[in-house]
Amino acid sequence: MVNELYFSVIICLYNCEIFFDRGIKCLLNQTFKDFELILVDDGSTDSTFQLCDKMAVSYPNVKVIHQSNSGLGAARNRGIEVTKGKYICFFDIDDEVGNDWLNNIYEELNDFSADLLIYGYEERNLKYRSSNIFRFGRGIIEDKKGLAKEFVQTLSGIKFNNGFAWNKVYRRDFILEHSLKFPNDAIQQDEIFNHNVYQCFPKILISDKILYHYYIFDKGNIRKRFIPQRITIFENVKKSFIEIDNTFEIKDDKLKKYIHLRFLRNVLFNRNPFERFNERKNFYRILIANPEVADSVAFLKKNNIEVQSIHDIFFSLYCHGVRKKSILVLIIVDYLYRGLNKVANLTHK
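So, a few notes on the structure that sits alongside this text. (Residues numbered from 1 in each chain as written. Predicted model: local features only at pLDDT ≥ 70, side-chain atom pairs only at ≥ 80, totals over all residues. Heavy atoms only, no water.)

A word on unusual backbone geometry
- Not every positive phi belongs to a glycine, and glutamate 249 is a case in point at roughly 50°.
- Looking at where glutamate 249 falls in the secondary structure, it is placed in the loop between helix H8 (230-247) and helix H9 (253-269). (Helix = DSSP H or I, 4+ residues; strand = E, 2+ residues; numbered from the N terminus.)

Concerning helix H7 (residues 189-198)
- With 9 of 10 residues buried, H7 lies mostly within the body of the structure.
- Within H7 the residues assigned to the buried category are Gln189, Asp190, Glu191, Ile192, Phe193, Asn194, His195, Val197 and Tyr198. (Buried < 20%, exposed > 50% of the residue type's maximum accessible area, 1.4 Å probe, protein only.)

Quick notes on the state of the cysteines
- Considering all chains together, one arrives at 0 disulfides under this definition.
- In this model cysteine 12 remains outside any disulfide bridge; the closest cysteine sulfur is found in cysteine 16, 9.6 Å from its own.
- A disulfide-free cysteine, cysteine 200 has its sulfur positioned 19 Å from the sulfur of cysteine 89, the nearest such atom. (Disulfide = S-S within 2.5 Å.)

Regarding helix H2 (residues 48-58)
- Among the residues of H2, Thr48, Cys52 and Met55 are the ones counted as buried. Take H2 and look down its axis: the buried residues cluster within an arc of 60°, on one side only. Structural note: H2 exposes Lys54 and Val57 on the side pointing more than 90 degrees away from its buried face. (Arc of directions from axis to C-beta.)

A short note on the pattern of salt bridges
- Under the criterion given, the structure shown has 19 salt bridges.
- Of the charged contacts, one joins arginine 22 and glutamate 96 as a salt bridge, the two residues approaching to 3.9 Å between their closest N and O atoms. You can see arginine 22 sitting in helix H1 (residues 17-28) and its partner glutamate 96 sitting in the loop between strand S4 (87-90) and helix H4 (101-111), a full 74 residues away along the chain.
- On the basis of relative accessible area, arginine 22 is assigned to the partly exposed category, the value being 33%.
- For the salt bridge of arginine 138 with aspartate 208, the shortest nitrogen-to-oxygen distance reads 4.0 Å. Of this pair, arginine 138 sits in the loop between strand S6 (130-134) and strand S7 (139-141) while aspartate 208 sits in strand S9 (residues 204-216), and the two are 70 residues apart along the sequence.
- A relative accessible area of 46% places arginine 138 in the partly exposed class. (Salt bridge = Lys/Arg side-chain N within 4 Å of Asp/Glu carboxyl O.)

Comments concerning the packing of aromatic side chains
- Per the stated rule, a full pass over the model turns up 31 aromatic pairs.
- A ring pair is formed by tyrosine 121 and phenylalanine 134, whose centres lie 4.9 Å apart and whose planes are at 20°; its orientation type is stacked. Here tyrosine 121, found in strand S5 (residues 116-125), pairs with phenylalanine 134, found in strand S6; they are 13 residues apart in sequence, far enough to count as distant. As far as burial versus exposure is concerned, tyrosine 121 and phenylalanine 134 are alike and both buried. (Phe/Tyr/Trp six-rings, centres within 6.5 Å; stacked < 30°, edge-to-face > 60°.)

Structural data, given as structure tokens:
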């Protein structure tokens, strides 16, 4: 056992009473005991407030921060400010880890003192009762060339969905030395934060272990939440990818295609859940006038991206509507796509 505090585990909470007991149990049962648990209550209006305070009274390694509702990014940054551990981990209260989660991480970092550890995870979709394993190949990244290569093969999302904070462990001093902070956008804070971490050239250890169980709940689907700045957020993610591409001089066609495809699919399929005709019409008017959308549509047209599924056919039709600046085409495609989704949802029930 080490003499200094080794881990700070940060959990940001907002109205999480239904998940609280199960999630906290994962942490209380850890075989590795040298850690502090920081609970950031981000202005909860249910019993989360009281549950956090009860934990702090019962367990000396638990710290509680109560703040007015400020968003996930701000809550994580507040948690980082009070950490004392050598390494920082993030845990989402509605997910799960094994009792040996921290012990496995400690064994990995004891062999190689990294600024950043990345490990694999299992994705569990409760709606479709499906499970996917995302396992990385074991490796060490210590220079710009190695990071550029692994960004395309492992870190970008081309092969793995890897824009998370919870499957990573950050060396606290590295985060503080580079003044790294999470943006406070409503979604996708993790991805931009990790891109900023990569741009500071960390020593990275990639583990081949599966250490986290990530749950997808239909209620939390970002397609069903109204987020006014949604297109701006997706633009920021796209620009963040381009900055990485330029910084590391990657010059890989697969990455460029991924950046433009990812941006357009986010904008077109993860848009705000407008129900009224005038709202959708206004959304498409904004879309047609958006220079980042036009840039990505032009790139994909020039590079002849292949259509491989029905989903891709609708994607191509949306892009055609943007190129033609036709709101009518976009609305027709939208009605057809929404109808297809309703049929697909009925077949899954």
